[in-house]
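# Coordinate inspection notes
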Amino acid sequence: MKCPSLSGRSTLTYEVKDGLLMITGNSGRGLFKPTPVSMKAVDDLLTTCEWITAATLHELFKGTSVNTAGFVLAALKDLEVVEPLPENTRRFRKRSQL
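Presented here is an overview of the structure given in this document. Values in this document were obtained by computation on a predicted structure and should not be read as measured data. (Residues numbered from 1 in each chain as written. Predicted model: local features only at pLDDT ≥ 70, side-chain atom pairs only at ≥ 80, totals over all residues. Heavy atoms only, no water.)

## Some words on the sheet that holds strand 1 (residues 2-4)
Convention followed: When DSSP locates at least two bridges between a pair of strands, those strands are taken to pair. Runs of E in the DSSP output that reach at least two residues are strands. Runs of H or I that reach at least four are helices, and both are numbered from the N terminus. By the convention used here, residues are in contact when the closest approach between their heavy atoms is within 4.5 Å. Comment: axis = line fitted to C-alpha atoms, over the contacting stretch for helices; angle = value between 0 and 180 degrees taken between N-to-C directions.
Read from one edge to the other, the open sheet built from four strands follows the order 1-2-3-4, with strand pairing classed as antiparallel. A single partner strand is all that each edge strand has here, and the edge strands are strand 1 and strand 4 (37-38). In the packing of helix 3 (residues 66-78) onto the sheet, the strands contacted are strand 1, strand 2 (11-17), strand 3 (20-26) and strand 4, and the crossing angle to strand 3 comes to about 110°.

## Considerations on the side chain of S10
Condition: Throughout this description, a polar contact denotes any pair of N or O atoms lying within 3.5 Å of each other; where both atoms belong to protein, one of them has to be capable of donating a hydrogen while the other can accept it, and for residues adjacent in sequence the pair is counted only when both atoms sit in side chains.
You can see S10 is positioned in the loop between strand 1 and strand 2. At a separation of 2.8 Å, a polar atom in the side chain of S10 contacts the side chain of N26. Discounting chain neighbours no more than four positions away, the residues touching S10 are C3, P4, S5, N26, S27 and G28.

## Notes on the nonpolar core
Put simply, the rule reads: As used in this record, nonpolar core signifies buried Ala, Val, Leu, Ile, Met, Phe, Trp, Tyr and Cys residues forming a set joined through side-chain atoms within 4.5 Å. Only protein chains enter the accessibility calculation, which uses a 1.4 Å probe; a residue whose area is less than 20% of its type maximum is buried, one above 50% is exposed, and one in between is partly exposed.
Of all hydrophobic cores here, the largest spans 21 residues; its most connected members are L21, L57, V72 and L76. Per-element tally for this core: the top contributor is helix 3, with seven residues. The contacts of L76, once residues within four sequence positions are left out, are L21, M39, V42, L57, V81 and V82.

## Topic: helix 1 (residues 39-48)
To keep it simple, the criterion reads: This arc describes the spread of directions from the helix axis toward the C-beta atoms.
Turning to helix 1, its buried residues are V42, L45 and L46. Each buried residue of helix 1 lies within a common arc of 100° when the element is viewed along its axis, so the set occupies one face. Among the exposed residues of helix 1, those pointing more than 90 degrees away from its buried face are K40, T47 and T48. Residues of helix 1 that are buried sit in contact with strand 4, helix 2 (54-57), helix 3, strand 5 (82-85) and strand 6 (88-94). By the N-cap criterion, in which a side-chain oxygen at the helix start approaches the backbone nitrogen of a residue two or three places on, helix 1 is capped by S38, the distance to K40 being 3.1 Å.

## Let's talk about unusual backbone geometry
In most cases, non-glycine residues show a negative phi, while peptide bonds are predominantly trans. Non-glycine residue D18 carries a positive phi angle of around 55°. Within the secondary structure, D18 is located in the loop between strand 2 and strand 3. Under the relative-accessibility criterion, D18 is labelled exposed at 72%. Even without a glycine there, the phi angle at E80 is positive, about 65°.

Spelled out as structure tokens, the structure:
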């Protein structure tokens with residue numbers, strides 16, 4: 001699957017398989033580590049936080065490029081798992097289930 005990065009300066013490629021999300025490509029210059037993250041771990045984090053940023057997700061990617069968490073956040077936005085806060089588009093919340 002493909003989506004724009006949060007900055008809109010590159011296109012990311014990612015896959016979701018067996019409950020894991022992994023960034024697999026970036027058309028831009030930002031480095032990342034293709035480390036899979038459990039969608040359950042992401043959901044658990046979203047449930048405990050009022051809002052998150054890429055820095056919040058970075059705790060799931062210790063020892064990897066700081067870009068990895070931001071790229072995963074872009075994929076979560078594309079998957080409609082999160083949505084930006086109206087008052088601050090750099091912060092995201094778990095998307096309401098309609």
